[in-house]
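# Descriptive structure summary
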Amino acid sequence: MPEIDRKQRIVLVHDPKEEMFLGVLHPDAALFADYLDVREANREHRHFQHVMTKCGFDVRTVRDTMTAGTMDGRGRPVQGDALEELRAFAAQFLEYDGYDTVDPAAQRRYKEEVLRKAHPLDLVGIVLNRPKIILHATSSNTGFSADYVMRPMMNLLFMRDSMINTPRGAVIGRLHSPQRQGERLVGEFCLRKFGTEPVFRIPDATYLEGGDYVLSGSTSFIGYGMRTTRPAIDMLLDADMFGTQRVVVVKDRLHAQAQMHLDTYFNAIDTDLCVLSENRFHAPPDSDAFLTADVYERGNGSYVQTLADEPLVRYLAAQNIVIIPISGADSDSFGANFLPVAPREIIGVSRKSAAYKTAMRRHGVRVHWVDLLHCTKGYGAAHCLTQVISK
């Protein structure tokens, strides 16, 4: 993995707060692995941000990015383009319903009035919680009552999934799960705040999630299976959106929630060193855990397929890429889901086995350990929690 000017790397993250509360009440419905303590997850996340900053990343949170330019030093709203843009964005996520009993035109005007008065932080709260207010006309008091439905973005802390950032630029994905709709809109809004426009958007009826993308030098690894679909990958190949000499399409038949994305069982430490979960490394060809790859090489402005259904382990060996197999226990605790910092330098999740740590030392890998015990109960770790944007 070639050295990158660290000053040019923005890392977009979302620190978990109150929008996760409803999710922890039914973890399965929220796509979580288990109940998690949101306060502890927030504490872990803030420490993770500190470690990333020490490693040279320019760490930006979604909240701070969305509100940039909308408040003065004392937190008071500042009228201007930034606030107008945030107000218009928040309007998409606030829904008034119940128009069978109230005047729709009057309520649309009332909604606009409320949004004009809302504090920037409340506008962000609208985006994160996506409230639906079901109105009922009454004959007393203010003339209204309401039922309130919250549809919070409980998985937004996993910023990796809403897009991929290739050498060509940012590609806005499309998330497979209905619980996560809306996240890509937040990611794109933040990109624009950084002065960056996406180079491509995945259309409806197909899916691309960022956890299935791993960049290693001149090679893009892109997985498809449980979340990302093949038509999305084909679109990127046809549009030349990867921007690398080689694209390795990793084909997963297992479709297991614990290994839903490529970055939950595979990741690159350097151009000649990677990790792979043992259940994939040792899988026989007739197992659903067995991985194959289609390989594409770029030439004359387009990609040409050079290998089809090649066993991934054999392909990596042929490329002189050393594989560090990681045990089931280390894989389950997100041993592959580290954040690369530089060649042979990563931010990894603590509580790993002695064998894992020894393998890293033997291969000259510098690891900055972070404890993400509570965050990982949402099914993701250091790689999933970050979106690295090169400017």
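Further up the page is the structure itself.
Residues numbered from 1 in each chain as written. Predicted model: local features only at pLDDT ≥ 70, side-chain atom pairs only at ≥ 80, totals over all residues. Heavy atoms only, no water.

### Describing the overall build of the chain
For the chain, the count of helices and strands is 12 helices and 20 strands. For 391 residues, the compact-globule estimate of 2.2 N^0.38 gives 21 Å, and the C-alpha radius of gyration of the chain, at 22 Å, lies within 12% of that figure. Principal axes of the C-alpha set define a box for the chain whose edges measure 75 × 45 × 40 Å. Residues counted as buried form 54% of the 391 residues belonging to the chain. For the chain, the proportion of contacts with a sequence separation of at least 24, taken over those separated by at least 6, is 68%. Only carbon and sulfur atoms are counted for the fraction: they give 51% of the accessible area of the chain, which is about 16,800 Å². Here the chain contributes 46 positively and 49 negatively charged side chains, and the mean placements of these two sets differ by 4 Å. (Helix = DSSP H or I, 4+ residues; strand = E, 2+ residues; numbered from the N terminus. Rg over C-alpha atoms; globule rule 2.2 N^0.38 Å. Buried < 20%, exposed > 50% of the residue type's maximum accessible area, 1.4 Å probe, protein only. Contact = heavy atoms within 4.5 Å. Areas by Shrake-Rupley, 256 points an atom, 1.4 Å probe, with all protein chains shown as cover. Lys, Arg positive; Asp, Glu negative; His and termini not counted. Charge placed at Lys NZ, Arg CZ, Asp CG, Glu CD.)

### A look at the sheet that holds strand 12 (residues 266–270)
The strand order 12-13-16 describes an open sheet built from three strands, whose pairing is mixed. Strand pairing shows two members of the sheet lacking a second neighbour, strand 12 and strand 16 (322–326), which therefore form its edges. Across the sheet, the mean angle from the axis of one strand to that of its neighbour is 25°, orientation sign disregarded. (Pairing = 2+ DSSP bridges. Axes fitted to C-alpha atoms, helices over the stretch in contact; angles between N-to-C directions.)

### Examining the nonpolar core
The biggest cluster of nonpolar side chains holds 33 residues, and the ones touching the most others in it are Val-62, Met-66, Leu-123, Val-127 and Val-186. Secondary structure elements with two or more residues in this core: strand 1 (9–13), helix 3 (62–67), helix 4 (81–91), helix 6 (120–129), strand 4 (131–137), strand 7 (169–172) and helix 7 (183–193). Here the element with the most residues in this core is helix 6; it accounts for five residues. Residues in contact with Val-62, not counting those within four places in the same chain, are Leu-12, Val-13, His-14, Leu-156, Met-159, Val-186 and Cys-190. Ranked by size, the runner-up nonpolar core spans 31 residues in total, among them Ala-41, Ile-347, Cys-375 and Ala-382. (Core = buried A, V, L, I, M, F, W, Y, C linked by side-chain atoms within 4.5 Å.)

### Things to note about the pattern of salt bridges
Considering all chains together, one arrives at 33 salt bridges under this definition. Arg-39 is the partner of Asp-37 in a salt bridge, and the nearest nitrogen-oxygen pair spans 3.6 Å. Taking relative accessible area as the criterion, Asp-37 reaches 24% and is therefore assigned partly exposed. Arg-39 gets classed as exposed once you look at its relative accessible area, which sits at 63%. Where Arg-298 meets Asp-240, a salt bridge forms, and the shortest distance between an N and an O atom there is 2.5 Å. Remark: Asp-240 occurs in the loop between helix 8 (230–238) and strand 11 (246–251) and Arg-298 occurs in strand 14 (residues 292–299); sequence separation between them is 58 residues. Salt bridges linked by common partners bring Asp-15, Lys-17, Glu-18, Glu-19 and Arg-63 together as one network. (Salt bridge = Lys/Arg side-chain N within 4 Å of Asp/Glu carboxyl O.)

### Looking at the pairing of strand 7
Sheet analysis places strand 6 (residues 163–166) next to strand 7, joined by four bridges and oriented antiparallel. Counterpart to Asn-165 in the pairing with strand 7 is Ala-170. Count of turn residues in the strand 6/strand 7 antiparallel hairpin: two residues. One ladder, built from two bridges, connects strand 7 with strand 8 (residues 200–201); its direction is parallel. By the bridge assignment, Ile-172 is partnered in strand 8 with Arg-201.

### Thoughts on the side chain of Arg-230
Locating Arg-230 in the fold gives a position in helix 8. Judged by its relative accessible area of 17%, Arg-230 falls in the buried class. Only 3.1 Å separates the side chain of Arg-230 from the side chain of Asp-294, close enough to count as a polar contact. Apart from residues lying up to four places away in sequence, Arg-230 is in contact with Tyr-224, Val-249, Lys-251, Asp-294 and Tyr-296. (Polar contact = N/O pair within 3.5 Å; in protein donor to acceptor, adjacent residues only side chain to side chain.)

### A look at the side chain of Ser-162
Structurally, Ser-162 can be placed in the loop between strand 5 (144–150) and strand 6. Excluding anything up to four places from it in sequence, Ser-162 contacts Ile-172, Gly-173, Leu-175, Glu-183, Arg-184 and Gly-187.

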